[in-house]
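Here is what each chain is made of, one letter per residue.
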Amino acid sequence: MNPIGEMVAAKEIVVCAGSGGVGKTTTAAAIALRAALQGKRAAVLTIDPARRLATSLGLKELSNEPSKVSKRKLTTAGLEPGGELYALMLDTKTTFDEVVLRYAPTREQAERIISNRFYRNISGTLSGTQEYMAMEKLYELHADGGFDLVVIDTPPTRNALDFLDAPKRLTDFFESRLLRWFLLPYMKAGGGIMRVANVAATTFLHAMKRVVGGDVLQDTAEFFRNLEGMYDGFKQRAGDVSALLQSRSTSFVIVTSPAEESVAEATFFATRLNQAGLPFGALVVNRVHPRIGDGIGVKPRQLSKLEAGGDRARLLAKLLDNEDAFMRLVHLEEKNLNALARKIPRHRWVRVPYLEQEAVDIKGLAAIADQLFDTA
Amino acid sequence: MVADAGRCLRRRRAGLYDRPWDMNPEMLIDEFLEPKVLIVSGKGGVGKSTVAASLALVAARRGRRVCVAEVDRRGTLPKLFGGGGLAYEPSELSPGVWGVNILPEEALSEYLRVQYRMHRAAKIFRSGQFVDFVTTAAPGLKDVLVLGKIWYLEQGRSGTGRPQDFDTIIVDAPAAGHMLTFLQAPSGLSDAVRVGPIRRQTDWLIDMLTDPRRTRVHLVALAEEMPVVETLETSGALSQKLHISQGPVFANSIYSELLTAAEEEQLEAIAANGLLRKLQPEAKRVGLNLDAEDADALVGYARFLSSRRTIQQGYLKALRKGTTQPVLELPFLFSAGLALPDIETLADVMEEQVEKT
């Protein structure tokens, strides 16, 4: 069994990470599909608004709740599903609302929060929210969804660090004593700025009021007031999520292409996983150009001589020139990948060659799954 | 584009004729570079920074002072020019090309200093957590602050009081999905902030963004399923919802044609009859000795290129069909990590393509 096969056999959660445009979503979907064919009840949770994934699975659209890929769709594609395949797309805001409803002591308090203008803004835009909610959803699917395997592709974060630290960053934000302290005059007086002894707080409020207006501060203070008493719940859940990610049930897949930038990202991510004590499962290297032969090494002088010749000589010149360009590229890619091999041992790698077609339907996804699971 | 009368007609029907771009289809580079602010965006991994850097070279070669702006991230732009990281204040990356990294916290701090002479508050606001807080309280404020800095640059002003006149400002914008939110921020903010000077200032930003002589967006795509679909959606939203003018779409990493149809036939004919035997005499004449594996490589790579190219051409066709903008092709560069010479090559191609259109 190759590293991906081993992972799917033994794990309950697979997290796919990597830089943009390397095939994270497709990899995640292909892994879930194969697991379903093997008899598991599998779900793929995508963060990208990937309509193509929905279409390729024969679903009209993906929502925040699992949609089942019909058995007929799978059998029509010539597959024999022993299990079930579900797909869903993260809706950050809805998930956040559910979190608030879960942790608020009363329904009224939850509704006050959900209708608060400041909350409505943060639930979509605060940095780290999407990452946190992705983890929240993952936890929920794993704990209550009855799935044998949940595969998730990570948000397109600027870097791996953002994603791993998100739950903690968001809870820190809510909990920040500093912020609440700065808002204190608003929280107490519920209105105008009181004369507080602290100059910094006054300066801060003064500046805020000039830039965004007083009512924004009002909403904000109210939000924090309503949030009192919920911090422990948030914190506990963030702790649970992080424990789940570090547990034996979880495994991380790093997806990369051989391009310098995405290899750098993959290397960085591997280091971070290691530091954070998170379980690494496999590296998927997509889009590697094939290596054919050892390189002919045509010289420019030889090329120009051939170009001056007859039809066949000119054809040969073009072929040699093309071979030379590909060989150069193959060498560069190998150089990048060798650097990566110093970080991630090659027996954890799965190389997926360029495929003839992109995965536009279940058949295409199944072809990718074959490559992912069956290459040694 | 001149040759494609059908498309000109379609664009005119789409009500786009009043834009300077379309009145003169034989655009020249100077027209191409007319708006001072050129925003480059596209799906993650399509080569936005590469295109932004190449555009910068094209402009610099025309003697323009160019400023390339990264927005709130450490990107690959400075590396393309062989330099280190970018700062909030412009630094020269190569002759005629400056670079900045616009961080929202710095922009907020500068804004408070310049607008309100609030030096102490400016200092507090440089902490990331406060910016998170403030920009969360008023959604879009982060983006508006960044756009505000771009406006400062466009107006030839800088926070430090040093005049900084740039002829061209190229924005290496956030990935397509976020780009729309980014450009929509000024109009969005006025809903959240009902008072204060920032309200008036967002109008200045909207003026800048929606004036085709001042701002133009270039989308970058790859000839693949997802990037094409996303480019078309973004392009539609830009013109229909945001009313921001667009320039040609750059289709990046396009494999160039290797063999003509006749040559392709010739290759398949000799490949069927023992390629090595047929090509060896020619190779020997220039001092090359090919073996069977070499012959496999020659045919294998030619076929690989041709099959990738066929796939790409399909998506290029879909891209051309779906957009009213000209599509300029940038070549695949056989490089697994780009550097300045590659950018120079792309700039050459850009010039050539623009002159041809």
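Reading the values: the criteria
- Residues numbered from 1 in each chain as written.
- Chains lettered and ligands numbered in written order.
- Predicted model: local features only at pLDDT ≥ 70, side-chain atom pairs only at ≥ 80, totals over all residues.
- Heavy atoms only, no water.
- Helix = DSSP H or I, 4+ residues; strand = E, 2+ residues; numbered from the N terminus.
- Buried < 20%, exposed > 50% of the residue type's maximum accessible area, 1.4 Å probe, protein only.
- Contact = heavy atoms within 4.5 Å.
- Areas by Shrake-Rupley, 256 points an atom, 1.4 Å probe, with all protein chains shown as cover.
- Pairing = 2+ DSSP bridges.
- Axes fitted to C-alpha atoms, helices over the stretch in contact; angles between N-to-C directions.
- Patch = residues over 30% accessible without salt bridge, like charges linked within 9 Å, V, L, I, M, F, W, Y side chains within 5 Å.
- Salt bridge = Lys/Arg side-chain N within 4 Å of Asp/Glu carboxyl O.
- Lys, Arg positive; Asp, Glu negative; His and termini not counted.
- Charge placed at Lys NZ, Arg CZ, Asp CG, Glu CD.
- Left-handed = near helix turned anticlockwise from the far one by under 90°.
- Nonpolar A, V, L, I, M, F, W, Y, C, P; charged D, E, K, R; others polar.
- Polar contact = N/O pair within 3.5 Å; in protein donor to acceptor, adjacent residues only side chain to side chain.
- Phe/Tyr/Trp six-rings, centres within 6.5 Å; stacked < 30°, edge-to-face > 60°.
- Lys NZ or Arg CZ within 6 Å of the ring centre and 35° of its normal.
- pLDDT = per-residue confidence, 0-100.
- Core = buried A, V, L, I, M, F, W, Y, C linked by side-chain atoms within 4.5 Å.
- Expected span 1.5 Å × (residues − 1).

S.K.: I tried to follow the overall build of chain B on my own but got confused; where do I start?
M.R.: Per the secondary structure count, chain B includes 16 helices and 8 strands. Evaluated residue by residue, chain B yields a buried proportion of 57% over its 357 residues. Sequence-distant contacts, at least 24 apart, represent 72% of the contacts inside chain B between residues at least 6 apart. Roughly 14300 Å² of accessible area belongs to chain B as shown, and the carbon and sulfur atoms make up 51% of that amount.

S.K.: In this structure, what is going on with the sheet that holds strand 5 (residues 149-153) of chain A? I would like to understand it.
M.R.: Pairing between sheet strands relies on hydrogen bonds along the backbone, with the strands arranged either parallel or antiparallel. Taken together, the 8 strands give an open sheet; going across it, the order is 3-4-2-5-1-6-7-8 (chain A), and neighbouring strands pair in mixed fashion. The two strands at the open ends of the sheet, each matched to only one other strand, are strand 3 (67-68) and strand 8 (349-353) of chain A.

S.K.: What's the story with the sheet that holds strand 2 (residues 66-71) of chain B in this structure? I'm lost.
M.R.: Residue and element names in this part refer to chain B. With respect to topology, 8 strands assemble into an open sheet ordered 3-4-2-5-1-6-7-8, the strand pairing being mixed. With one partner strand each, in any of the chains shown, strand 3 (91-94) and strand 8 (327-331) form the two edges of the open sheet. Direction aside, neighbouring strands of the sheet carry axes that sit 30° apart on average. As defined by bridge partners, strand 3 adjoins strand 4 (residues 97-102) across 3 bridges and the pair is classed as antiparallel. When the bridges of strand 4 are listed, S94 appears paired with V97. Sheet contacts for helix 4 (residues 48-61): strand 1 (37-41), strand 2, strand 3, strand 4, strand 5 (168-172), strand 6 (215-222), strand 7 (249-254) and strand 8; angle to strand 5, the most-contacted strand, approximately 170°.

S.K.: How do you make sense of a negative patch on the surface when you look at a structure like this?
M.R.: On the surface, a cluster of negative charge is contributed by D294(A), D291(B), E293(B) and D296(B). Following the sequence through the fold, D291(B) ends up in the loop between helix 14 (275-285) and helix 15 (292-322).

S.K.: I would appreciate a short explanation of the packing of helix 6 (residues 104-116) of chain B against helix 9 (residues 141-154) of chain B in the present structure.
M.R.: Each packed pair of helices is defined by two parameters, the angle between the axes and the distance between the axes. Residues and elements named next belong to chain B. Two elements in contact, helix 6 and helix 9, have axes whose closest approach is 9 Å; the angle formed by their N-to-C orientations is 65°. As helix 6 packs across helix 9, the resulting crossing turns out to be left-handed. Contacts between helix 6 and helix 9 involve P104, A107, L108, E110, Y111, V114 and Q115 from the first element and K142, L145, V146, K149 and Y152 from the second. Here the contact of helix 6 with helix 9 is composed, by residue class, of 8 nonpolar, 1 polar and 3 charged.

S.K.: Help me out: how do you make sense of the pairing of strand 5 of chain B in this one?
M.R.: One face of the sheet, then the other: side chains in a regular strand alternate in exactly this way. Residues and elements named next belong to chain B. By the criterion of burial, strand 5 is predominantly enclosed, with 5 of the 5 residues buried. Residues of strand 5 alternate between two faces, with T168, I170 and D172 on one and I169 and V171 on the opposite face, all of them buried. Sheet topology note: the strand 1/strand 5 ladder contains 4 bridges and is parallel. Counted as the bridge partner of I39 is V171 from strand 5. In terms of strand pairing, strand 2 meets strand 5 through 5 bridges, oriented parallel. By the bridge assignment, E70 is partnered in strand 5 with D172.

S.K.: Which parts of the structure should I look at to understand the side chain of E136(A)?
M.R.: Residues and elements named next belong to chain A. With respect to the helices, strands and loops of the structure, E136 is situated in helix 8 (residues 129-144). In terms of polar contacts, E136 uses its side chain to reach the side chain of R102, at 2.8 Å. Once residues within four sequence positions are removed from consideration, E136 is found in contact with T95, V99, R102 and R237.

S.K.: It is not clear to me how the packing of aromatic side chains should be interpreted in this structure. Could you clarify?
M.R.: The description of an aromatic ring pair uses the distance of the two centres, along with the angle that the planes make with each other. Taken as a whole and judged by the stated rule, the model has 16 aromatic pairs over all chains. With a centroid separation of 6.4 Å and 50° between ring planes, the pair formed by F252(A) and F269(A) is classed as tilted. Of this pair, F252(A) sits in strand 6 (residues 250-256) while F269(A) sits in helix 14 (residues 260-276), placing them 17 residues apart in sequence. Relative to F250(B), the ring of F32(B) lies with its centre 6.4 Å away and its plane at 90°, an arrangement referred to as edge-to-face. Here the residue F32(B) occupies a position in helix 3 (residues 29-32), and F250(B) occupies one in strand 7, the gap between them amounting to 218 residues. Pair check on accessibility: F32(B) and F250(B) agree, each one buried. Pairwise contacts between aromatic rings join F326(A), Y354(A), Y255(B), Y301(B), F304(B), F332(B) and F334(B) into one cluster. Cation over ring: R41(A) sits above F147(A), and NZ or CZ is 4.6 Å from the ring centre.

S.K.: Please explain the confidence of the model for chain B as it appears in this structure.
M.R.: All names here are of chain B. Model confidence for chain B is summarised by a mean pLDDT of 83, while 82% of its residues fall at 70 or above. Here residues 1-26 is a poorly scored stretch, pLDDT under 50, and it has 41 contacts once near neighbours within four places are set aside; other chains count. Scoring the predicted complex yields pTM 0.83 and, for the interface, ipTM 0.82.

S.K.: Quick question: what am I supposed to make of the nonpolar core here?
M.R.: Side chains that are nonpolar tend, in soluble globular proteins, to be buried together. Residue and element names in this part refer to chain A. Ranked by size, the top nonpolar core spans 57 residues in total, and within it F174 and F223 carry the most contacts. With 7 residues, the single largest contributor to this core is helix 8. The residues touching F223, leaving out its near neighbours within four places in the chain, are I113, N116, F118, Y119, I122 and F174.

S.K.: Where do I start with the environment of K43(B) in this structure?
M.R.: Structurally, K43(B) can be placed in the loop between strand 1 and helix 4. On a C-alpha basis, the gap between K43(B) and L209(B) in space is 21 Å, while along the polypeptide they are 166 residues apart.

S.K.: Even after reading the chapter, I still don't get the pattern of salt bridges, so can you show me in this structure?
M.R.: Applying the stated criterion across every chain yields a total of 30 salt bridges over all chains. Between R291(A) and E334(A) there is a salt bridge, and its shortest N-O distance comes to 2.8 Å. Taken together, the residues span a long stretch of sequence, with R291(A) in the loop between strand 7 (280-288) and helix 15 (300-307) and E334(A) in helix 16 (residues 311-341) at a distance of 43 residues. Accessibility expressed as a relative area gives 27% for E334(A), which makes it partly exposed. Note that R61(B) and D348(B) form a salt bridge whose closest N and O atoms lie 2.8 Å from each other. Within this pair, whereas R61(B) is found in helix 4, its partner D348(B) is found in helix 16 (residues 340-356), the two being separated by 287 residues in sequence. For D348(B), a relative accessible area of 40% gives the class partly exposed. Sharing partners across several salt bridges, the network here consists of E65(A), R102(A), E136(A), K137(A), E140(A) and R237(A).

S.K.: Is there a simple way to explain helix 16 of chain B in this structure?
M.R.: Since the α-helix packs 3.6 residues into each turn, any two residues three or four apart lie on the same face. Residue and element names in this part refer to chain B. For helix 16, which comprises 17 residues, the first-to-last C-alpha distance of 24 Å matches the rise-based estimate of 24 Å (1.5 Å per residue) to within 8%. Within the span of helix 16, buried status applies to D342, I343, L346, A347, V349, M350, E351, Q353 and V354. Check the buried side of helix 16 and you find it contacts helix 3, helix 4, helix 5 (77-80), strand 7 and strand 8.

S.K.: Help me understand the side chain of S49(B) in this model?
M.R.: Residues and elements named next belong to chain B. Here S49 is to be found in helix 4. The buried category is assigned to S49, whose relative accessible area is 8%. Ignoring anything within four residues of it in the chain, the contact list for S49 reads R73, T76, L77, L80 and D172.

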